[in-house]
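Coordinates in review
The residues making up each chain are set out below.
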Amino acid sequence: MNTAPTAPDLDELVSQKYRHGFVTDIDSDTLPPGLDEDVIRLISRRKNEPQFLLDWRLKAFRLWQTLREPTWAHVRYAPIDYQAISYYSAPKSKKDGPKSLEEVDPKLLETYDKLGVPLHERARLAGVAVDAVFDSVSVATTFKERLHAAGVIFCPFSDAVRDYPHLIEQYLGSVVLQGDNFYAALNSAVFTDGSFVYIPKGVRCPMELSTYFRINAANTGQFERTLIIADEGSHVSYLEGCTAPMRDENQLHAAVVELVALDHATIKYSTVQNWYPGDENGVGGIYNFVTKRGECRGRQSKISWTQVETGSAITWKYPSCVLIGEGSVGEFYSVAVANHRQQADTGTKMIHVGANTSSTIVSKGISAGHAENSYRGLVKVLPSAHGARNYTQCDSLLMGPDCGAHTFPYVEVKNPSAVVEHEATTSRIGEDQLFYLLQRGLSQEDAVNMIVNGFCKSVFNELPMEFAVEAQNLLAVSLEGSVG
Amino acid sequence: MNSIQRGDVILDIRDLKADVAGRNILKGLNLTVRAGEVHAIMGPNGAGKSTLSQILAGRADYDIKGGSATYLGEDLLALAPEERARRGVFLGFQYPVEIPGVNNVYLLKAALNARRRQQGLQELDAFEFMAIVREKMKLMKMDESFLKRGVNEGFSGGEKKRNEILQMTVLEPVLAVLDETDSGLDIDALKVVSTGVNSLRRDDRAVVLVTHYQRLLEHIVPDFVHVLAGGRIIRSGDRTLALELEKRGYDWLLEEPTAA
Amino acid sequence: MSARASAALLRARDTLATGVSSERREALERLVSLGLPTPRDDAFRYANLRSLERRDLLPAAFAPLALPEELPLGEYRLVLCNGQIDPSRSHLPDGVTMTRQAGLVPGADTSSEGRLRLLNGALACERTDITVTRGVNARLDLVIVGGSGGAYPQIAVRVEQGAHLTLTEHLCSDEAAESVSSIVIDADIAHAATLDHTLLQIAGARSIVLCDVRAELAADARYHHRLAALGGQLFRLDLSVGLNGPGAEASLAGLFMADGTREQHLRTVVRHRAPNGSSQQTYRGVANGRGRGSFDGKVVVDAHANGTNSVQSSRNLLLGTEASIETRPQLEINAHAVKCSHGATTGSLDEKMMFYLLSRGLDRDTARAVLTYAFLGDVLTGFDEASRAFVERCALTRLPSADVVREFVA
């Protein structure tokens, strides 16, 4: 049977550009711009945090002040004034946040409906539990009861700090140290909310977990933090989606995601990133400077990253795996699309520490318009990683004369029993392929769409079904008008 | 659309001249193909056979320097490749292109529905479509696993050619131009391919076979045989001409000064 | 750039002979303040130059050093001892001219590679300009011998329109000599001219050799570079090729063997600046014992260099438990109609092949040697016959069970 999703209706897609560019008019509790230790104390107090967390934040802030913004990425942007950003914005609501969906502001529910993420449990995404993060705070988490019955903890980060402080203290910053890099340090100092997941021993999470991030307020940054712990023998699939209103100024998004997989545990982490990319001339858009890293601490554990990056003015992001446990597995599947004036510098790091660890990297970059798209990856095999294996396939597609595609792989092997393979290609969309499809009666747009989707297929195959279709549609919208 | 009668002119090429990369390949070619006919175009290597097929399908890297090609009364050369395809011109490629990651069956369905839209017909739903495809695959002795593979991806030479003919039988073109479809086929595959082509023969359609060898014509018996050499049709006849070519080669024709 | 002041540079500055031009003195001063490249410099991520610190960098005086006996030399040659021409042993073919002049100090380039050029410029005693006249087809061996101390050859090669030069460069030094060479070669290849450039690096085990080659190609010019990096304590080649005119072609290939405690570092930058150029790179590396090797290869395609075709392959064998190989193949594409690819692999010998040989009665060492040799083989085919035979001999002697392997390849 024909299981391939049908091509998105292009006429419909062409008429819409950035679908998620609306602003929700809602009362917000927003801190004035600026960052110093008092701001951090204020954030921490407002969230009723324990002392250890405040100390941890302050330590991060002090580290941040000693760090410099990284300059090695193949991206260009005007200097960011970190004192002009507001570090906390929350929709005004009842004091302790909503206890149930009935208490959530209807305007927020409406916002998520418009984004296609209904928070009502009876609604369409019935198989997916959703945590919705609006600016700096989590506004709702669905299916809490059902997950609770399975022993799964899935809640806003702030709730986890209150309810499971020992887990937070044990794992927070244990994968991405506070001083890991400039943006991670900033996030550690000022992070506001995000999602926390804990899957107990031997539990296969009964449903997909999903966090939906939404930036709404102007002049704010979003600094969420996600921590996922998969205990021995457990399994979880987690998805995140991101959107923001269309605004003329750039907004900073500096998130940190930490994953920990213990013995025989599997974490599958999928992202469909569609932050506002700015307009055709490069005005506005999100700066997406994100640190994502997972540690396969246990034997035979597995962490798999899948990302479809179509949004953001600038993407700086390298979801990575540290493969410590013997026989552990790291995967990275990525589609990165850059059109108009977007700049993407994204890839992964696979650090092989343990014996017989293996990793797979499949990266598909598509550049159009005046965009710059870079793959940057590190495969490092330490002397201890006997029998390590890596396979990397990294392809770039060029659509138009003014875009750039770059590949910067670093391969460092210090164990002779390792096998590391890297392959990369860059080419424009194949004239022969295009002609073949036109000869079979397809329109130019359909033909291009078909080829691009084929090009990305090995990555889309890794996405959960609901997201795969969404990703295809996004791809078509992102590349709209890029081939004439 | 469906009012083509046996004997109507489907393709009319007049004094066609074309360059490839600055080189003069077609030098005034004339050919008339009518409904119900099968034409074989033979000729030595480099005579311009593939150029002719590619031009009929609308490949962009050929410069038309003069003459005309009319398809069902329309200026064929003015149509975009996909418009030609939707109007029923099918090219069986000499070297079918591999398109990794693009599902074979997906392409087939998209192509068929594009053709049907042009004909003012309803698009087929998945069940109707699969029923047609299964029937044609049986005819082509193809395994269903073909459908799930990428377009021509990792296919052997014979599989690619079979896949071309499968597409043709599903799309049911008015004019099928088959470019060296027989090359690289063993005898069993040749029979299967011929069955596919013969199944398409009807009073309201025409087939142009571009081939180097006579052996295909034992299975698909042509009404006319043309010799293309030096960018022109230098001799036309019935299938006995093909047999003679097989015996005598092309040299005797090239030496004769009688080329018209 | 706030590098620690290099002790070796300071020593060189303080003892630099009087009579050295003020320009070169200033260059050295500039280098002292900039410092030598360190692994913090992106281009020197893998090649650590700290072993230079213990060396005497001052240029050694000219001496008629002996040449290794087995060099595959042709009829015409240019011999440089400690960076200076030895006229008594140099003969040029017809159509090839040479001029000697004082060494040139390069302009302000503070990049890491620029700083190595500055080292050469500050300490070079002389510069040699070689010109191959229009239409001439010539062969020339360039023998660069180093003794103890520093040597800073500076060579410019110009191949005029339609001419063809086969240049085989031999980098050698006495096995025990603590020699430091910084060699700069600039090749200017005119319209439809060809330079076949082979570099045989067979320096002694205590030599540090830094070689910077830049080739600029006009329209339809050809540049073939073949590298065999077999000797030295630390070798680094910076090979930069500019395809500046339409239709230019560069073909770069080679092998390195980092055995013992040797370090072999290779960095290539191929820049396509004009349409319809093509470049191929094929490199094979072997690291054994505590050897270290790296391949850092970048291909840049400028905007409008459409029709570019570029292929790069780096395959590496890691044989020793304490050896390491680092590869970094990079593509920077700014044009539209291009076809570029690169592939890099690092691994040990194929187990299936090993087993096959073992099952035919070979011992493990021999099987390894045979397979290692076979691994290098496909690069060797690109060398001219004399160089190839020479490299085969040298490579073989580095492998265990050389005699048995020799029978296999004979």
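Treat the numbers as computed from the prediction; the structure is a model and nothing was measured. Sequence positions are assigned chain by chain, starting from 1 and proceeding in written order. All chains are assigned letters beginning at A, and all ligands numbers beginning at 1, according to the order in which they are written. Per-residue local features are limited, in this predicted model, to residues with pLDDT of at least 70; the limit for side-chain atom pairs, both in listing and counting, is 80 or more; totals at the level of whole chains, interfaces and linings are taken over all residues.

**Describing the interface of chain A and chain B**
Cut-off, in case you're wondering: By definition, residue pairs are in contact when their C-beta atoms, positioned from the backbone, come within 7 Å. Counting from the N terminus, the helices are DSSP H or I runs at least four residues long and the strands are E runs at least two residues long. Residues are sorted three ways: Asp, Glu, Lys and Arg are charged, Ala, Val, Leu, Ile, Met, Phe, Trp, Tyr, Cys and Pro are nonpolar, and all the rest, Gly among them, are polar.
With 21 residues of chain A at the contact, the number on the chain B side is 23 residues. Elements represented by at least two residues in the side of chain A that touches chain B include exactly helix H9 (431-439) and helix H10 (444-460) of chain A. By residue number, the principal contributor to the side of chain A that touches chain B is H10 of chain A, which donates seven residues. Its residues placed into classes, the side of chain A that touches chain B shows ten nonpolar, seven polar and four charged.

**A look at the sheet that holds strand E1 (residues 9-20) of chain B**
Residues and elements named next belong to chain B. Stated precisely, the cut-off is as follows: A pair of strands is treated as paired once DSSP finds two or more bridges between them. Here an axis means a line fitted to C-alpha atoms, over the contact stretch when the element is a helix, while the angle between two N-to-C directions is reported on a 0 to 180 degree scale.
Read across the open sheet, the four strands follow the order E2-E1-E4-E5; overall the sheet is antiparallel. Single-partner strands in this sheet number two, and they are strand E2 (23-34) and strand E5 (74-75). With nine bridges joining them, E1 and E2 adopt antiparallel strand pairing. Directly across from leucine 16, in E2, lies its bridge partner leucine 29. Docked against the sheet, helix H1 (residues 49-57) engages E1, E2 and strand E4 (63-71), running at close to 70 degrees with respect to E2.

**Observations regarding the sheet that holds strand E6 (residues 89-92) of chain B**
All names here are of chain B. In spatial order, the strands read E6-E9-E10-E3-E11-E12; together these six strands make up an open sheet with mixed pairing. Each of the sheet's edge strands pairs with one partner strand only, and the pair in question is E6 and strand E12 (232-237). Taking the axes of each pair of neighbouring strands and ignoring which way they run, one obtains an average angle of 20 degrees across the sheet. Relative to E12, strand E11 (residues 224-229) runs antiparallel, the two sharing five bridges. Bridge pairing in E12 links alanine 229 to arginine 232.

**Quick word on the interface of chain C and chain A**
Taken together, the contact pairs 29 residues of chain C with 28 residues of chain A. Within the residue set of the side of chain C that touches chain A, elements represented by two or more residues are strand E19 (324-333) and strand E20 (339-347) of chain C. No other element matches the ten residues that E19 of chain C contributes to the side of chain C that touches chain A. Two elements, strand E23 (residues 419-428) of chain A and E20 of chain C, share eight bridges in a ladder whose sense is antiparallel. When the sheet's bridge partners are listed, threonine 426 of chain A is paired in E20 of chain C with cysteine 340 of chain C.

**Topic: the confidence of the model for chain A**
All names here are of chain A. Put simply, the rule reads: Note: pLDDT gives the predictor's confidence per residue, expressed from 0 to 100.
Here chain A averages 84 in pLDDT, while 85% of its residues score no lower than 70. Note that residues 1-16 has pLDDT below 50 and, in this model, 26 contacts with residues that lie over four places away or in other chains. Of the regions scoring below 50 in pLDDT, residues 121-126 engages in eight contacts with residues more than four places distant in sequence or in other chains.

**Some details on helix H11 (residues 465-478) of chain A**
Quick reminder of the rule: Multiplying one less than the number of residues by 1.5 Å gives the expected span of a helix. The exposure scheme places C-beta atoms from the backbone and then counts, for each residue, the other C-beta atoms within 10 Å of its own, assigning buried at 20 or more, exposed at 12 or fewer, and partly exposed in between.
The terminal C-alpha atoms of H11 of chain A lie 20 Å apart, and with 14 residues this matches the ideal 20 Å at 1.5 Å per residue to within 8%. Among all positions in H11 of chain A, only Phe467, Ala468, Ala471, Gln472, Leu474, Leu475, Ala476, Val477 and Ser478 of chain A are buried.

**Description of the nonpolar core**
Rules: In these notes, a nonpolar core means any group of buried Ala, Val, Leu, Ile, Met, Phe, Trp, Tyr and Cys residues linked to one another through C-beta atoms within 7 Å.
If you look at the biggest cluster of nonpolar residues, it comprises 331 residues, and the most contacted ones within it are Val197 and Ala230 of chain A, Val177 and Leu209 of chain B together with Ile189 of chain C. Ranked by the residues each element gives to this core, the list is headed by H10 of chain A, at nine residues.

**Describing the pairing of strand E14 (residues 302-309) of chain A**
Residues and elements named next belong to chain A. Counting buried positions along E14 gives eight out of eight residues, so the element sits mostly inside the fold. The alternating pattern of E14 places Lys302, Ser304, Thr306 and Val308 on one face and Ile303, Trp305, Gln307 and Glu309 on the opposite face, and all of these are buried. Alignment of strand E12 (residues 266-273) against E14, held across eight bridges, turns out to be parallel. Each residue of the ladder has a partner; that of glutamine 273, found in E14, is glutamate 309. Looking at chain direction, E14 and strand E17 (residues 329-338) are connected through eight bridges and run parallel. Note that in E17 the partner of valine 308 across the bridge is valine 335.

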